[in-house]
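Single-letter residue listing:
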Amino acid sequence: MATSADVRHDAQRGRFELDMDGETAHVEYRREGDTMVVLHTIVPEALSGRGIAGTLNAAALGHARAAGLQVDPQCEYTASYVRRHPGYDDLLVGGERSS
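Procedures and definitions
Residues numbered from 1 in each chain as written. Predicted model: local features only at pLDDT ≥ 70, side-chain atom pairs only at ≥ 80, totals over all residues. Heavy atoms only, no water. Helix = DSSP H or I, 4+ residues; strand = E, 2+ residues; numbered from the N terminus. Rg over C-alpha atoms; globule rule 2.2 N^0.38 Å. Buried < 20%, exposed > 50% of the residue type's maximum accessible area, 1.4 Å probe, protein only. Contact = heavy atoms within 4.5 Å. Pairing = 2+ DSSP bridges. Axes fitted to C-alpha atoms, helices over the stretch in contact; angles between N-to-C directions. Salt bridge = Lys/Arg side-chain N within 4 Å of Asp/Glu carboxyl O. Expected span 1.5 Å × (residues − 1). Right-handed = clockwise from strand over helix to strand, strands pointing away.

Engineer: Can you help me understand the overall build of the chain in this one?
Structural biologist: Counting its regular elements, the chain contains two helices and five strands. Each helix and strand of the chain, ordered N terminal to C terminal, gives the series β-β-β-β-α-β-α. The C-alpha radius of gyration computed for the chain amounts to 13 Å, which stays within 12% of the reference 13 Å derived for 99 residues, consistent with globular compactness. When the 99 residues of the chain are sorted by exposure, 43% land in the buried category. Partitioning the intrachain contacts of the chain with sequence separation of at least 6 by distance along the chain shows that 41% fall at a separation of at least 24.

Engineer: What exactly am I supposed to notice about the sheet that holds strand E2 (residues 15–20) here?
Structural biologist: Adjacent strands of a sheet pair through backbone hydrogen bonds, lying either parallel or antiparallel. Pairing is mixed across the open sheet formed by five strands, whose spatial order is E1-E2-E3-E4-E5. The open sheet has two edge strands, strand E1 (8–10) and strand E5 (70–73), and neither has a second partner. Between one strand and the next, the sheet's axes are offset by a mean angle of 30°, whatever the strand orientation.

Engineer: What is the right way to read the pattern of salt bridges from this model?
Structural biologist: On inspection of all chains with the given rule, the structure shows seven salt bridges. The residue Arg8 makes a salt bridge to Asp19 at a minimum N-O spacing of 2.9 Å. Here Arg8 is found in strand E1, whereas its partner Asp19 is found in strand E2, with eleven residues between them in sequence. Arg8 sits in the partly exposed class, given a relative accessible area of 37%. One network of salt bridges, with partners in common, ties together Arg8, Arg13, Arg15, Glu17 and Asp19.

Engineer: In this structure, what is going on with helix H1 (residues 52–67)? I would like to understand it.
Structural biologist: The end-to-end C-alpha distance of H1, which contains 16 residues, comes to 22 Å, matching closely the 22 Å that a straight helix rising 1.5 Å per residue would cover. Structurally, H1 contributes buried residues whose contacts are with E2, strand E3 (23–32), strand E4 (35–42), E5 and helix H2 (76–84). Gly68 lies just past H1 and shows a positive phi near 70°.

Engineer: Help me out: how do you make sense of the pairing of E4 in this one?
Structural biologist: In summary, the side chains of a regular strand alternate between the two faces of the sheet. Here E3 pairs with E4 via seven bridges, running antiparallel. Within E4, the position partnered with Arg30 by the bridge is Val37. The loop that links E3 with its antiparallel partner E4 comprises two residues; one of these, Gly33, has a positive phi angle of about 65°. Here E4 runs beside E5; their pairing, made up of four bridges, is parallel. Within E5, the residue paired with Thr35 across the bridge is Gln70. Following the chain from E4 across H1 to the adjacent parallel E5, one finds a crossover that is right-handed.

This is the structure in structure tokens:
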């Protein structure tokens, strides 16, 4: 199983990436000042069901925390991940949970 340590951060492209079995899964984001706007979580069908989306989002949110950024989870998966892991609530823009 992949871990956050396996995730590569490509700041130039605004992506957190994970390569596995010849496929690449990723979380796309853009920076807006001190906010990381998470746009998409993409996991190829061949990699689905392995917890990769969660691993990618944990890495992205961990990066945001370490960098002192707030997070605007526009990606449905990321918003759902934060709801399921309330330890990230403090990262949300305005400190509020997404609905």
